[in-house]
Amino acid sequence: MDGSGAMRPLLALAEGVEVTPRGLRRDGAETPVPDAMTVAALAAGVPVPFSREEGPGPAVGRGLLDLLHRRGLLRWRVEGVAEAAPMPPSPGLPDLLPRDSPRGAVPLSRFALLRRDERGWLLESGRNGWQVRLTDRGVAGLGSLEPLGEQAAAFVTLLAAAGMLADRDGEPAALAWEPHDRYFASRSRGTLAAAASYRLAKVSPPGPAPRDDDGAGTRVALPAPPGPGPSEPTLWSASEARRSIREYAPVPVPLEALGALLWRTLRVVRRLPRDAGDPISYERVLRPVSSGGAMHATDLWLICHDVAGLAPGVFRHDPYDHALVEVPLDDARRRLALRSGSSAAQRPPVVGLLTVRHARAAWKYSGIAYSLELKDVGVILHALNLTAGAVGLGMCAWGAGPTALIARLLGIDPEVDSPVGEFALGVPAAPREG
């Protein structure tokens with residue numbers, strides 16, 4: 001307690017910090033702390049200073065606390081209620097004003113996210129890198145501080161230090177963000193070295209690059225295009241001419257053009273097999289488009305309304321055999337799938353749906369797997385858009401679409417094949433006069 005009798009949070013050593021003869025060590029990095037009394041004080045916990053001028057006591061200086069805080073060696077603690085720690089690297093120790101206990105519920109930020117993990121309750125915010133672990137008492141205290149008694153003010157002070165209160169929600173920069181977008185943006189930007197953790201390597205190797213159902217359904221071979229000719233556009237001219245085409249001529253999409261589009265963008269050029277003797281080896285795939293870790297876990301589904309030589313239906317692209325595999329559906333589901341996503345008057349000849357097998361990327365990457373999958377889809381959509389014009393087609397990527405609905409109709413499990421992108425495709429309509 002301070003001189004007024006108010007209880008403060010304690011600053012203590014973070015979890016995983018090891019005391020050494022020279023100081024403190026975490027994750028192999030050592031920070032010298034020559035004074036044994038300082039180490040002992042931090043191991044027991046010292047009261048949080050409320051200002052830069054105020055020190056936590058004779059044993060520990062403010063400058064040292066700043067250094068240890070930046071290196072992720074400290075955590076804030078309210079005994080039996082909560083503890084908070086910034087993910088390193090972090091800013092120095094924040095300056096705080098003493099917090100009174102508000103009446104009723106804690107004024108949490110709209111960015112605060114409460115969830116459970118394997119260790120219990122975790123409170124996080126996309127606006128910072130803090131993690132607050134709550135006991136059951138702490139979770140109950142979010143709704144009413146009264147049962148926390150004299151610990152209530154310390155609890156609110158801890159939440160303020162971790163940026164979990166609504167104090168800054170009105171800032172202009174915050175108003176532009178939805179909570180889920182901000183959380184995803186802040187938690188999917190780890191370093192590649194740390195993200196490539198092979199976190200599921202002990203479970204099993206990732207699923208094979210081909211789908212398990214590659215042999216199912218009627219197969220339609222797609223024609224491969226001839227080699228590049230003198231009349232084909234250069235990359236630069238294709239980039240300059242690229243447009244999102246939203247209006248289509250009332251004619252079928254030529255199967256040759258569809259085949260050329262998918263050959264130039266999504267066919268498998270080469271497979272690099274897994275080394276069974278290496279626990280972190282997996283089958284890599286090379287395509288004309290790039291993919292994080294050469295995973296290529298993205299699959300393409302096509303709802304074909306008007307393609308020359310094809311009856312209307314739903315197909316999956318097999319990038320290994322350069323073929324379309326018809327998805328077997330009963331008549332009712334087939335009709336619903338063909339009607340999904342657009343009206344009859346505005347129905348494009350082909351609707352493309354991109355899904356990703358998340359388990360394949362997550363086998364290797366921690367924290368950034370879905371972020372990499374979205375980047376993969378962006379690469380694919382841009383390649384399709386560039387190539388479509390070169391083969392006489394028009395394509396438009398959609399910012400949102402009917403993938404979730406159609407996935408249900410097709411019996412696709414979104415936990416296995418996560419919908420990530422949509423586009424429309426057809427022969428461009430003639431330019432309007434005037």
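In case you missed it, the structure is sitting above this.
Description of the structure in this document. All values reported here derive from a predicted model rather than from experimental measurement.

**Digging into the overall build of the protein chain**
- For the protein chain, the helix and strand inventory stands at 13 helices and 19 strands.
- Residue burial in the protein chain is summarised as follows: out of 434 residues, 45% are buried.
- A sequence separation of at least 24 residues applies to 72% of the contacts in the protein chain between residues at least 6 apart.
- Split by element, the accessible area of the protein chain, about 21,600 Å² in all, is 56% carbon and sulfur.

**Here we look at the nonpolar core**
- In terms of nonpolar packing, the biggest core is built from 41 residues, with Leu24, Trp76, Val132, Phe155, Leu158 and Leu159 touching the most fellow members.
- Of all elements in the fold, only strand S1 (10-13), helix H1 (36-44), helix H2 (62-70), strand S6 (74-78), strand S7 (82-86), strand S10 (130-134) and helix H4 (152-161) reach the threshold of two or more residues within this core.
- Looking at this core, the element that brings in the most residues is H4, giving eight residues.
- In this structure, Phe155 is in contact with Val78, Val81, Ala82, Val106, Leu134, Gly138, Gly141, Leu142, Leu145 and Leu148, ignoring residues within four places of it in sequence.
- Counting 34 residues, the second largest nonpolar core, distinct from the first, contains Leu222, Ala257, Ala297 and Val420.

**Some details on the side chain of Thr355**
- With respect to the element layout, Thr355 can be found in strand S17 (residues 350-357).
- Thr355 gets classed as buried once you look at its relative accessible area, which sits at 2%.

**A look at empty space enclosed by the protein**
- Summed over the entire model, instances satisfying the criterion amount to five cavities of 30 Å³ or more.
- In this model, the largest cavity occupies a volume close to 70 Å³.
- Forming the boundary of the largest cavity are Gly292, Met295, Ala297, Thr298, Val356, Ala361, Tyr365, Ala369, Leu372, Glu373 and Asp376.
- For the lining of the largest cavity, the leading source of residues is helix H12 (residues 369-390), giving four residues.
- Tallied by class, residues from the lining of the largest cavity come to seven nonpolar, two polar and two charged.

**Here's the deal with unusual backbone geometry**
- Even without a glycine there, the phi angle at Asp27 is positive, about 50°.
- Looking at where Asp27 falls in the secondary structure, it is placed in the loop between strand S3 (23-26) and strand S4 (29-32).
- When its relative accessible area of 76% is taken as the criterion, Asp27 is described as exposed.
- The backbone phi angle of His296 is positive, close to 45°, even though this residue is not glycine.
- Relative to the elements of secondary structure, His296 occurs in the loop between strand S13 (284-286) and strand S14 (298-304).
- For His296, a relative accessible area of 7% corresponds to the buried category.

**Remarks on the sheet that holds S6**
- Taking strand neighbours across the sheet as the criterion, the seven strands line up as S5-S1-S6-S7-S10-S9-S8 in an open arrangement whose pairing is antiparallel. Both outer strands of the open sheet, strand S5 (46-47) and strand S8 (112-117), are each paired with one neighbouring strand and no more.
- By the bridge criterion, four bridges tie strand S9 (residues 120-125) to S10 in an arrangement that is antiparallel. Paired with Leu123 across the two strands is Val132, which belongs to S10.
- The sheet contacts of H2 involve S1, S6, S7 and S10, and relative to S6 the element is tilted by about 100°.
- Across the face of the sheet, helix H3 (residues 136-143) comes into contact with S8, S9 and S10 while running at roughly 105° to S10.

Here is what the cut-offs are and how they apply
Residues numbered from 1 in each chain as written. Predicted model: local features only at pLDDT ≥ 70, side-chain atom pairs only at ≥ 80, totals over all residues. Heavy atoms only, no water. Helix = DSSP H or I, 4+ residues; strand = E, 2+ residues; numbered from the N terminus. Buried < 20%, exposed > 50% of the residue type's maximum accessible area, 1.4 Å probe, protein only. Contact = heavy atoms within 4.5 Å. Areas by Shrake-Rupley, 256 points an atom, 1.4 Å probe, with all protein chains shown as cover. Core = buried A, V, L, I, M, F, W, Y, C linked by side-chain atoms within 4.5 Å. 1 Å grid on protein atoms, 1.4 Å probe; cavity = no way out; pocket = protein on both sides within 12 Å on 5 of 7 lines; lining within 4 Å. Points joined across faces, edges and corners; volume = space filled by probe spheres on them. Nonpolar A, V, L, I, M, F, W, Y, C, P; charged D, E, K, R; others polar. Pairing = 2+ DSSP bridges. Axes fitted to C-alpha atoms, helices over the stretch in contact; angles between N-to-C directions.

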